[in-house]
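Working through the structure, step by step
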Amino acid sequence: MQSSYCPSPYRYTRRATREVMVGNVGVGGSNPIRIQSMLTSDTRDTDACVKEALELAEAGCEIIRLTAQTRAYAANLENISRELRAAGCHVPLVADIHFKPDAAMEAAKWVEKIRINPGNFVDKKKFEVREYSDAEYREELDRLREEFTPLVLFCREHGRAMRIGSNHGSLSDRILNRFGDTPEGMVESAIEFAQIARDLNYHSLVFSMKASNVKVMVAAYRLLVERMNALGPDWNYPIHLGVTEAGGGEDGRIKSAVGIGSLLTDGIGDTLRVSLTEDAVREVPVAYRLTNPFQPSERSDDPVSFSEPELSYDPLKFSKRQGGLAMCHGVRLGWEQPVRVAIPDAGFYALQTERDAMGDMMPELSLGQLDAIEVDPRCDADLEPLRELAEPSIVTVKNGLAMEPVYAFRLLAARIEDRHLILLKDTLAPGSVSGEDVPLTAARNIGSLLCDGIGDAVLIQGEPDPRLASFLGFNILQATGTRLTRADYVSCPSCGRTLYNIQEATARIRKATEHLKGVKIAVMGCIVNGPGEMADADFGYVGGAPNKINLYVKHTPVKFNIPQEEAVERLVDLIKEYGRWVDPK
């Protein structure tokens, strides 16, 4: 399967883009990958916003975003910008706009960049089912052009940049009815707006395709780049990366590392934000840890030349590689079996006395039990004996090769028969990564491959603690939606739109529900992405008014204006009402 979404799926080459200036910061071109974050303070509170922005700048944040949900909020950006510049901080500001074109026009007077969501800049989301004729669809696009043109002209005349940021959770009814809730719909939504801007000779554009489902996110970004490449060489706009509603703690970091890391590995991404349900300043060091391996000074790419075979998977549509079926020490692998978690032998046997305490997070196999055949996927002499084997075998990449794991395992999948099973590794150089980089590296390498549909088992060998290694393996499977061993959460980062203490609420919800294996719960600060993300979740907990919560089933609100102090208990009652509750062990 060939695709033009990246220069090569087997070695790192950063996608070439034009430079877009955001104030005094260049994005794309030859610039390093830029780090962004977003204020959690109310945009009407000048002192709080300035204090938080200065803390972000001190932490190394290069672009700062604020919400501007109405014209009144947008007007206060003048005061925030003035006070920041007076304090000697010249980090560019971005106004985040949803629903309100007039707020965008006001905000553009005071900030260096405007972010618009094409799903709700003009359209209102009502979840209406409607068939659009071609004439009716063109009529909607004409209305969009009329509403969007004044902002484009203002930004062109005043040197403002713009991000056209599609969100999976907030596609318009018009797009949903024609394209469905799909990566194709996300891309089309952005291209419609970009075409208007280009018709007006405005090109200071950056694009994003954010989703809480990492497989959807990765497919949408790849599809966007492929579509841009097909439209012509002057569609070489920079890309902003982010997993929306990633959550907090290790879960949020792993999910972000999977989605963002997958695309950075493809050479896609010129700026990014790690969206954590934590204080914004904590997002910045995680973002740097994700980008560091992809900055030019850190690259040490494979010097060995090899022919690049056709991909074994479709990078634009997820499909699990269907290997054969094997049995290892009573554990089935491959075919339609769950992806299994393995750790090195010493750690596996050390955990045997903790089997009951580990429960569903107990590793299922040791490396020795797998008896995997180790190969160099570039070497014909290593691969030829596999063709002579009568039964499906477990194959992995040798340690010590001068290849990035993602590229090595993609090459392996392309060069061996489908009947053989693949054991993924988090690293080919155990001990080379330490500290906080261990889970991020493992999530990037293994998660990228799982999103490509590759892998029948995963081996965590970069984390020396066997308990943590096992947890890491299962957490990566959870983040990619490959295998759920506990409740799954979609949790947005706090921002100026948030109507309650979302960090505290998320912690309470997790404590009450984490044992509900396979139940997906969305914890959303407001209604911008809330109803849309509910469609991908079983239950939703959404801020409806200050300190008041609305509860959802899928994207349908069923309980309204619940005081925050009662809302978690009422959520548990709702889960019980729909038959998804089990008592914790």
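For the structure itself, look to the data block above.
Residues numbered from 1 in each chain as written. Predicted model: local features only at pLDDT ≥ 70, side-chain atom pairs only at ≥ 80, totals over all residues. Heavy atoms only, no water.

1. Considering the overall build of the protein
Defined as follows: Helix and strand assignments follow DSSP, with helices taken as H or I runs no shorter than four residues and strands as E runs no shorter than two, numbered in order from the N terminus. Between the two quantities, the radius of gyration covers C-alpha atoms and the globule rule is 2.2 Å times the number of residues to the power 0.38. Throughout this description, buried means an accessible area under 20% of the type-specific maximum (1.4 Å probe, protein chains only), exposed means over 50%, and partly exposed covers the range between. For this analysis, residues touch if any pair of their heavy atoms sits within 4.5 Å. Only the protein chains shown count as cover for residues, and the accessible areas themselves come from Shrake-Rupley with a 1.4 Å probe. None of His or the chain ends enter the tally, which takes Lys and Arg as positive and Asp and Glu as negative. To locate a charge, the coordinates of NZ of Lys, CZ of Arg, CG of Asp or CD of Glu are taken.
Across its full length, the protein carries 20 helices and 23 strands. A compact globule built from 585 residues would reach a C-alpha radius of gyration of about 25 Å, and the protein, at 24 Å, matches this within 12%. Judged by the C-alpha coordinates and their principal axes, the protein covers about 70 × 55 × 55 Å. Across the 585 residues of the protein, 60% fall into the buried class. In the protein, once contacts between residues fewer than 6 apart in sequence are set aside, the share between residues at least 24 apart is 70%. For the protein, the computed accessible surface area is about 22,100 Å², with 49% contributed by carbon and sulfur atoms. Between the averaged position of the 68 positive side-chain charges in the protein and that of its 83 negative side-chain charges there is a distance of 2 Å.

2. Concerning the sheet that holds strand S22 (residues 548–553)
Paired through backbone hydrogen bonds, the strands of a sheet run either parallel or antiparallel to each other. What counts is decided by this rule: Paired strands are those between which DSSP finds at least two bridges. Axes here mean lines fitted to C-alpha atoms, for a helix over just the part in contact, with angles spanning 0 to 180 degrees between N-to-C directions.
Pairing within the open sheet is mixed, and its 5 strands lie in the order S19-S20-S21-S22-S23. Each edge of the open sheet is held by one strand with a lone partner, namely strand S19 (488–491) and strand S23 (556–563). On average, each strand axis in the sheet is inclined to that of its neighbour by 20 degrees, with strand direction left out of account. With 6 bridges connecting them, strand S21 (residues 539–545) and S22 associate as antiparallel partners. Looking across to S22, one finds that Phe539 is bridged to Val553. Packing against the sheet, helix H18 (residues 502–513) makes contact with S19, strand S20 (520–524) and S21, and its axis sits at approximately 165 degrees to S20. Packed onto the sheet, helix H20 (residues 564–577) meets S20, S21, S22 and S23 and runs at close to 150 degrees relative to S23.

3. Here's the deal with a negative patch on the surface
Just so we agree on the cut-off: For patch building, the residue pool is restricted to those with more than 30% relative accessible area and no salt bridge; the joining distance is 9 Å between like charges and 5 Å between nonpolar side chains (Val, Leu, Ile, Met, Phe, Trp, Tyr). What makes a salt bridge here is a side-chain nitrogen of Lys or Arg within 4 Å of a carboxyl oxygen of Asp or Glu, nothing more.
A surface patch of negative charge is lined by Glu139, Asp142, Glu146 and Glu147. Relative to the helices and strands, Glu139 resides in helix H5 (residues 134–158). Judged by its relative accessible area of 56%, Glu139 falls in the exposed class.

4. Structural notes on the packing of aromatic side chains
What counts, and what does not: Only centres within 6.5 Å qualify two rings of Phe, Tyr or Trp (six-membered ring in Trp) as a pair; their planes then separate them into stacked at under 30 degrees, edge-to-face at over 60, and tilted for everything else.
Per the stated rule, a full pass over the model turns up 9 aromatic pairs. Judged by centre distance (5.7 Å) and plane angle (80 degrees), the ring pair of Phe121 and Phe148 falls under edge-to-face. Here Phe121, found in the loop between strand S6 (113–116) and H5, pairs with Phe148, found in helix H5; they are 27 residues apart in sequence, far enough to count as distant. With a relative accessible area of 1%, Phe121 lands in the buried category. Taking relative accessible area as the criterion, Phe148 reaches 0% and is therefore assigned buried. Between the aromatic rings of Phe207 and Tyr237, the centroid separation amounts to 5.7 Å while the plane-to-plane angle is 45 degrees, which identifies the pairing as tilted.

5. A few points about the nonpolar core
The test is simple: In these notes, a set of buried Ala, Val, Leu, Ile, Met, Phe, Trp, Tyr and Cys residues joined through side-chain atoms within 4.5 Å is what counts as a nonpolar core.
Counting 138 residues, the largest nonpolar core has Ile97, Ile114, Ile116, Phe148, Leu151, Met162 and Phe207 as its most contacted members. The residues touching Leu151, leaving out its near neighbours within four places in the chain, are Ala104, Met105, Ala108, Ile114, Ile116, Phe121 and Met162.

6. Quick word on the pattern of salt bridges
Following the criterion strictly, the structure yields 47 salt bridges and no others. A salt bridge links Glu83 to Arg82; its shortest N-O distance comes to 3.5 Å. The closest approach of N and O atoms between Asp251 and Arg510, which form a salt bridge, is 2.7 Å. With a gap of 259 residues between them, Asp251 in helix H9 (residues 249–265) and Arg510 in helix H18 connect regions that are remote in the sequence. Several salt bridges share partner residues, and in doing so they unite Arg222, Asp266, Arg410 and Asp452 into one network.

7. What to know about H20
Counted only if it meets this: Every helix has an expected span of 1.5 Å times one less than the residues it contains.
Here H20 contains 14 residues, and its C-alpha end-to-end distance of 20 Å stays within 8% of the 20 Å for a straight helix at 1.5 Å per residue. Of all the positions in H20, only Gln564, Ala567, Val568, Leu571, Val572, Leu574 and Ile575 are classed as buried. For H20, the secondary structure elements touched by its buried residues are H18, S20, S21, S22 and S23. Gly579 occupies a position one or two residues after H20 and carries a positive phi of about 75 degrees.

8. Brief notes about the sheet that holds strand S8 (residues 205–210)
If you trace the 8 strands from one edge of the open sheet to the other, you get S8-S7-S6-S5-S4-S3-S10-S9, paired in parallel fashion. Edge strands, defined here as strands with exactly one partner in the open sheet, are S8 and strand S9 (240–241). Relative to strand S10 (residues 271–272), strand S3 (residues 34–38) runs parallel, the two sharing 2 bridges. Bridging from a neighbouring strand, Ile35 pairs with Leu272 of S10.

9. Topic: the side chain of Gln36
Definition in use: Distance and chemistry together define a polar contact, namely a pair of N or O atoms within 3.5 Å, with one atom able to donate a hydrogen and the other to accept it when in protein, and with adjacent residues in sequence counting only for side-chain atoms on both sides.
For Gln36, the position within the fold is in strand S3. Polar side-chain contacts of Gln36 include one of 2.7 Å to the side chain of Thr271. Other than its neighbours up to four places away in sequence, Gln36 contacts Cys61, Ile63, Lys113, His240, Thr271, Leu272 and Arg273.

Interpretation note: all reported values are geometric properties and have no functional meaning in isolation.
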